[in-house]
Amino acid sequence: MTPRPLDILDQVLNRQPVIISLKGGREIRGVLQGYDVHMNLVLDKAEEEMDGAVQKLGTLIVRGDNVIYITPSVE
């Protein structure tokens, strides 16, 4: 059986960091805490690398229409 996209998100939910690629070229890394059918995402321990420095963002809500892709992060 081929997994559905939301099934794949369930596998990483609260387990491992993910990388979220956003419109405008930004990438945010954090632990996926929740999502909805519109791909609105709740990330914990979110951080973004900017100009070589890591900026800690904490808990973050990402609006789904800004998401290009989500991928599990390798630590």
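The sections below set out a description of the structure shown in this document.

The rules behind the values
Residues numbered from 1 in each chain as written. Predicted model: local features only at pLDDT ≥ 70, side-chain atom pairs only at ≥ 80, totals over all residues. Heavy atoms only, no water. Buried < 20%, exposed > 50% of the residue type's maximum accessible area, 1.4 Å probe, protein only. Helix = DSSP H or I, 4+ residues; strand = E, 2+ residues; numbered from the N terminus. Pairing = 2+ DSSP bridges.

Comments concerning the pairing of strand β1 (residues 17-22)
Two faces, one strand: in a regular strand the side chains alternate between the faces of the sheet.
Link 1 in the chain: By the criterion of burial, β1 is predominantly enclosed, with five of the six residues buried.
Link 2 in the chain: Where β1 meets strand β2 (residues 27-35), five bridges bridge the pair, whose relative direction is antiparallel. By the bridge assignment for β2, Ile19 is matched with Arg29.
Link 3 in the chain: Hairpin connection, β1 to β2: the antiparallel pair is bridged by four residues, and Gly24 has positive phi, about 90°.
Link 4 in the chain: The sheet contact formed by β1 and strand β5 (residues 67-72) spans five bridges and is antiparallel. Residue Ile20 lies in a different strand from β5, and its bridge partner there is Ile70.

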